[in-house]
Amino acid sequence: MPDISALYMGLNLRNPIIAASSGFTDSLSGILKCEEAGVGAVVLKSIFEEQLISHEDMYDKYINIYPESVDYLREGGLLEYGPQKIYQMIEEAKQKSKIPIIASINCRSPKLWPAFAKQFQDAGADGLELNIYSLPLELEKPCEEYEKEHLEILRSIKSAVSIPVSIKLNHQITSVPYLARRLSEAGCDGLVFFNWFVEPDIDIKNLTTRNTKGKGDFNRTLRWVALTAGRIDCDISSSGGIMDGKGLIKQILAGSSAVQVCSLFYAKGLEPVKGMLTELESWMAAHQYESIEDFKGELSFKNQELSFKNMGEAESYFRSQYLKTYEK
Ligand SMILES: Cc1cc2nc3c(=O)[nH]c(=O)nc-3n(C[C@H](O)[C@H](O)[C@H](O)COP(=O)(O)O)c2cc1C
């Protein structure tokens, strides 16, 4: 039987499937259900800074800085998921579950990131995922500034904690490999490709805007994993459109150390995890791979660049393939 254990940012996973940050990972029972279903690790539902400032003193202090958060807080939804509750949940989960627990943070103010991070570490989290949620929409703000913000947040957290830290990237910010290299050189242990946003839509009958459920883009993730993996000293996990065992295998071939799954669970529950793992094992046995490391990155750009003068299979990751694919 092939060994399907995986190593992701220094954490030993019994297999490479991670339950992504979502409603499936926001409670102790959710974590335990994910473990029972067979996943290798969980990323907790992100904690948002706005939740922390719900405390009266903090509320007064920050409300002047972030007036827009008032409405957000008044809506109250997120308040049910307060930080104390999460720290306690992590402590309990660490007693009851054996799989690694990665906490996820989303902050706006630079000072709060390390404070949250330290508390998660103290509660027993095995790792941290930074959900840096920024859209590059300003006309006067160049990519370098967004990159700098990522680096500053990472550095502040790395100096506050010793557990591994990953960043969930937004694919629209800048050159993905360039930012990935800089983050990796600044000590980032893992990168998640990519963050996901609720998508905008327009109602043409009522002339209003509305939000629509987005979905992760499997092929975009595959492209950037393949073009980055092995070129930086940092693990990558794929997040976006992984819906079956084949998707899992493809992302590892492209260079991912692990994959994060979310929409599949919303569509079909946690049931499919076992089937995905069985497919992975059978495929590895058929190809005589004994471990994940045997084929991780086998079809990454790095490998292809080294193996073939004319890029070989790696051409698929570039735009030039457009003409070939569509020519008759
Ligand atoms: C209902 C829902 C809630 C989510 N909540 C979070 C969150 O709190 N933090 C986060 O980083 N990602 C969150 N995500 C994004 C997922 O973790 C994942 O990155 C994304 O859905 C892409 O993967 P998929 O194609 O498998 O769904 C959420 C996604 C969904 C559908």
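Treat the numbers as computed from the prediction; the structure is a model and nothing was measured. (Residues numbered from 1 in each chain as written. Predicted model: local features only at pLDDT ≥ 70, side-chain atom pairs only at ≥ 80, totals over all residues. Heavy atoms only, no water.)

Caption draft 1: View of the side chain of Thr25. Locating Thr25 in the fold gives a position in the loop between β3 (17-19) and α1 (28-37). The class of Thr25 is buried, set by a relative accessible area of 0%. Looking at Thr25, its side chain comes within polar contact range of the main-chain oxygen of Val43, at 2.8 Å. (Helix = DSSP H or I, 4+ residues; strand = E, 2+ residues; numbered from the N terminus. Buried < 20%, exposed > 50% of the residue type's maximum accessible area, 1.4 Å probe, protein only. Polar contact = N/O pair within 3.5 Å; in protein donor to acceptor, adjacent residues only side chain to side chain.)

Caption draft 2: View of the pattern of salt bridges. According to the stated counting rule, one finds nine salt bridges in the structure shown. One salt bridge connects Lys118 with Asp122, and the closest N-O pair in it is separated by 3.1 Å. Residue Lys118 and its partner Asp122 are both found in helix α6 (residues 112-123); the two are separated by four residues, about one turn of the helix. (Salt bridge = Lys/Arg side-chain N within 4 Å of Asp/Glu carboxyl O.)

Caption draft 3: Looking closely at the environment of Asn106. Along the chain, the position of Asn106 falls in strand β6 (residues 101-106). Residue class for Asn106 comes out buried when judged on its relative accessible area of 7%. Sequence separation of Asn106 and Asn131 is 25 residues, and the distance between their C-alpha atoms is 5.0 Å. The residues touching Asn106, leaving out its near neighbours within four places in the chain, are Ile47, Phe48, Glu49, Trp113, Asn131 and Tyr133. A polar side-chain atom of Asn106 sits 3.1 Å from the main-chain carbonyl oxygen of Asn131. (Contact = heavy atoms within 4.5 Å.)

Caption draft 4: Examining the environment of Lys33 more closely. Assignment of secondary structure puts Lys33 in helix α1. On a C-alpha basis, the gap between Lys33 and Leu270 in space is 8.1 Å, while along the polypeptide they are 237 residues apart.

Caption draft 5: Examining the site of the ligand more closely. Near the ligand there are 16 residues, and of these Ser21, Ser46, Ser239, Gly241 and Ser263 occur at the shortest range. Take Gly216: an N or O atom from its main chain is 3.5 Å from an oxygen atom of the ligand. Burial of the ligand by the surrounding chains reaches 89%, relative to a free accessible area of 610 Å². For the shell around the ligand, the residue count by class is five nonpolar, nine polar and two charged. (Near = heavy atom within 4 Å. Areas by Shrake-Rupley, 256 points an atom, 1.4 Å probe, with all protein chains shown as cover. Nonpolar A, V, L, I, M, F, W, Y, C, P; charged D, E, K, R; others polar.)

Caption draft 6: Quick look at the packing of α1 against helix α5 (residues 83-96). Close contact between α1 and α5 brings their axes to 10 Å; oriented N to C, the two are set at 30 degrees. Classified by the interaxial angle, the pair formed by α1 and α5 is roughly parallel. For the pair α1 and α5, the sense of crossing is right-handed. In this structure, α1 contributes Leu28, Ile31, Leu32 and Glu35 to the contact, and α5 contributes Met89, Glu92, Ala93 and Lys96. Looking at side-chain class alone, the contact of α1 with α5 contains five nonpolar, no polar and three charged residues. (Axes fitted to C-alpha atoms, helices over the stretch in contact; angles between N-to-C directions. Parallel < 35°, antiparallel > 145°, perpendicular 65-115°, else oblique. Left-handed = near helix turned anticlockwise from the far one by under 90°.)

Caption draft 7: Looking closely at the environment of Ser300. Structurally, the position occupied by Ser300 is in the loop between α12 (272-286) and α13 (301-307). Residue classification places Ser300 among the buried positions, given a relative accessible area of 3%. Here the alpha-carbon distance between Ser300 and Val225, two residues 75 residues apart in the chain, equals 7.7 Å. Those residues in contact with Ser300, other than ones at most four positions away along the chain, are Ala226, Ala229, Leu253, Ala254 and Tyr317. A distance of 2.8 Å separates a polar atom in the side chain of Ser300 from the backbone oxygen of Gly297.

Caption draft 8: Summary view of the packing of helix α7 (residues 143-158) against helix α8 (residues 176-185). Their axes nearest at 10 Å, the elements α7 and α8 cross at an angle of 25 degrees. When the interaxial angle is binned, α7 and α8 end up roughly parallel. Once α7 is placed against α8, the crossing between them reads as right-handed. Counted together, Glu147, His150, Leu151 and Leu154 of α7 and Tyr178, Leu179, Arg182 and Leu183 of α8 form the full contact between these two elements.

Caption draft 9: Layout of unusual backbone geometry. Backbone torsion omega between Phe193 and Phe194 reads 5 degrees, so that peptide bond is classified as cis. Structurally, Phe194 is set in the loop between β9 (190-193) and β10 (199-203). Its identity is not glycine, yet Leu207 carries a phi of approximately 50 degrees, on the positive side. Summarising the element assignment, Leu207 is placed in the loop between β10 and β11 (208-212). The class for Leu207 is exposed, based on a relative accessible area of 72%. A positive phi angle is found at Gln288, which is not glycine, with a value near 55 degrees. Mapping Gln288 onto the fold places it in the loop between α12 and α13. According to the relative accessible area criterion, Gln288 is exposed, its value standing at 69%.

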